[in-house]
Amino acid sequence: MADRHAWAAYIEIAATNFPTRPDELPDPKQFLINVIRAKGKKKMHADMLPRGSGHVGPLYNDVLCRFIQSTWSANRASRFSPSLMRAINALHRI
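Residues numbered from 1 in each chain as written. Predicted model: local features only at pLDDT ≥ 70, side-chain atom pairs only at ≥ 80, totals over all residues. Heavy atoms only, no water.

(A) Spatial organisation of the packing of helix H1 (residues 4–11) against helix H4 (residues 60–70). Two elements in contact, H1 and H4, have axes whose closest approach is 11 Å; the angle formed by their N-to-C orientations is 125°. Classified by the angle their axes make, H1 and H4 are oblique. The chirality of how H1 crosses H4 is right-handed. For the pair formed by H1 and H4, the contact residues are Ala6, Trp7 and Tyr10 on the first element and Val63, Leu64, Arg66, Phe67 and Ser70 on the second. In the contact of H1 with H4, the residues fall into six nonpolar, one polar and one charged. (Axes fitted to C-alpha atoms, helices over the stretch in contact; angles between N-to-C directions. Helix = DSSP H or I, 4+ residues; strand = E, 2+ residues; numbered from the N terminus. Parallel < 35°, antiparallel > 145°, perpendicular 65-115°, else oblique. Left-handed = near helix turned anticlockwise from the far one by under 90°. Contact = heavy atoms within 4.5 Å. Nonpolar A, V, L, I, M, F, W, Y, C, P; charged D, E, K, R; others polar.)

(B) Expanded view of the packing of aromatic side chains. Applying the stated criterion across every chain yields a total of three aromatic pairs. Between the aromatic rings of tryptophan 7 and tyrosine 10, the centroid separation amounts to 6.5 Å while the plane-to-plane angle is 25°, which identifies the pairing as stacked. Here tryptophan 7 pairs with tyrosine 10, and both are found in helix H1, just three residues apart, close to one helical turn. The exposure class assigned to tryptophan 7 is buried, which follows from its relative accessible area of 2%. (Phe/Tyr/Trp six-rings, centres within 6.5 Å; stacked < 30°, edge-to-face > 60°. Buried < 20%, exposed > 50% of the residue type's maximum accessible area, 1.4 Å probe, protein only.)

Okay, here's the thing in structure tokens:
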């Protein structure tokens, strides 16, 4: 969610629904599920929602993986995620 404008465009839910400081969320996955439940209108959204006792829907990971592979920018995301910035900096030191 730290690459919030790209994520919002990809998932077709307005960026205003996603926080500018996702690292501060106590449960980012649950937050995302709640936004999709409240704002999602497409079949993709329904397929990301949990069914039964599951924590995520059957396409949750597929949608995230496709977004990461096609659109996500670690550089953009790191500007809004201090933890990601620390991880990237640590990798550069290796």
